[in-house]
Amino acid sequence: MNRTRLLTTMAVLIAMGTFTAQLVWFPAGIARAYPVQHAINIVAAVTLGPGPAVIIAFMISLLRNLLGLGTLLAFPGSMIGAFLAAYFYRMSGKNALAALGESIGSGVIGALFAVPFAYIFMGNSVGALAFVPPFIVSSTTGAIIGVFIVSRMKIKNIIRI
């Protein structure tokens, strides 16, 4: 993929993630779940690879925070999930393992990273178990949506994977 196509694809995914953050979310425990963020992580991981997927996750989180649509907890979960999804996909070539990487990265590891992150930057000393269930719900829901989208993209030959 040439650089222009790569940057354009990244920009479209960032725009979709930022726009849908205000439309598609649901309360999950003490956090808000944004499943489209995780679906975009899967799409970026499978189509673009680890580097662009992490950049896309960072930019969506940054824009959501600048627009007041999210919290600082969006950063660790989305970026770790995007990286693990891309890494698992690169090692196996299977969409299901990309979804597993997203669920583990965002749902478990991202939630554990969110605990000190919330304490240092937000002044909130919530335990790890308060973050893990909502992060798992959000990331698993989004990963399922992302796998469906990627499988449809492969069938319709929308993008070369």
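Residues numbered from 1 in each chain as written. Predicted model: local features only at pLDDT ≥ 70, side-chain atom pairs only at ≥ 80, totals over all residues. Heavy atoms only, no water.

Caption draft 1: Broad picture of the confidence of the model for the protein chain. Of the residues in the protein chain, 94% reach a pLDDT of 70 or more, and the chain-wide mean stands at 88. Element-level mean pLDDT values for the protein chain span from 76 in strand 2 (residues 31-33) up to 95 in helix 3 (residues 50-66). (pLDDT = per-residue confidence, 0-100. Helix = DSSP H or I, 4+ residues; strand = E, 2+ residues; numbered from the N terminus.)

Caption draft 2: Expanded view of the packing of aromatic side chains. Under the definition given, this model contains three aromatic pairs. Taking the centre distance of 6.1 Å and the plane angle of 15° together, the rings of Phe83 and Tyr87 count as stacked. On the criterion of helical spacing, the pair formed by Phe83 and Tyr87 is a turn pair, its members being four residues apart in helix 4 (residues 74-92). Overall, the relative accessible area of 40% leaves Phe83 in the partly exposed class. Residue classification places Tyr87 among the partly exposed residues on the basis of a relative accessible area of 38%. Put simply, the rings of Phe83, Tyr87 and Phe88 touch in pairs and so form one group of aromatic residues. Positioned over the ring face of Tyr34 is Arg64, at 3.9 Å from the centre of the ring. (Phe/Tyr/Trp six-rings, centres within 6.5 Å; stacked < 30°, edge-to-face > 60°. Buried < 20%, exposed > 50% of the residue type's maximum accessible area, 1.4 Å probe, protein only. Lys NZ or Arg CZ within 6 Å of the ring centre and 35° of its normal.)

Caption draft 3: How the structure looks around the packing of helix 2 (residues 35-47) against helix 4. The geometry of helix 2 relative to helix 4 is characterised by a closest axis approach of 8 Å and an angle of 35° between their N-to-C directions. Both helix 2 and helix 4 take part in a crossing whose hand is right-handed. Each of Gln37, Asn41, Ile42, Ala45 and Val46 in helix 2 lies in contact with helix 4, whose residues at this interface are Ser78, Ala82, Ala85, Ala86 and Tyr89. (Axes fitted to C-alpha atoms, helices over the stretch in contact; angles between N-to-C directions. Left-handed = near helix turned anticlockwise from the far one by under 90°. Contact = heavy atoms within 4.5 Å.)

Caption draft 4: A look at the nonpolar core. Counting 24 residues, the largest nonpolar core has Leu13, Ile40, Ile42, Val46 and Ile56 as the members making the most contacts within it. Among the secondary structure elements, those contributing two or more residues to this core are helix 1 (3-21), helix 2, helix 3, helix 4, helix 5 (95-122) and helix 6 (128-156). Per-element tally for this core: the top contributor is helix 2, with seven residues. When near neighbours in sequence (up to four residues on either side) are disregarded, Ile42 contacts Ala85, Ala98, Ala99, Glu102, Ala143, Gly146, Val147 and Val150. The next biggest cluster of nonpolar side chains, apart from the first, holds nine residues, and it includes Ala31, Ala114, Val115 and Val132. (Core = buried A, V, L, I, M, F, W, Y, C linked by side-chain atoms within 4.5 Å.)

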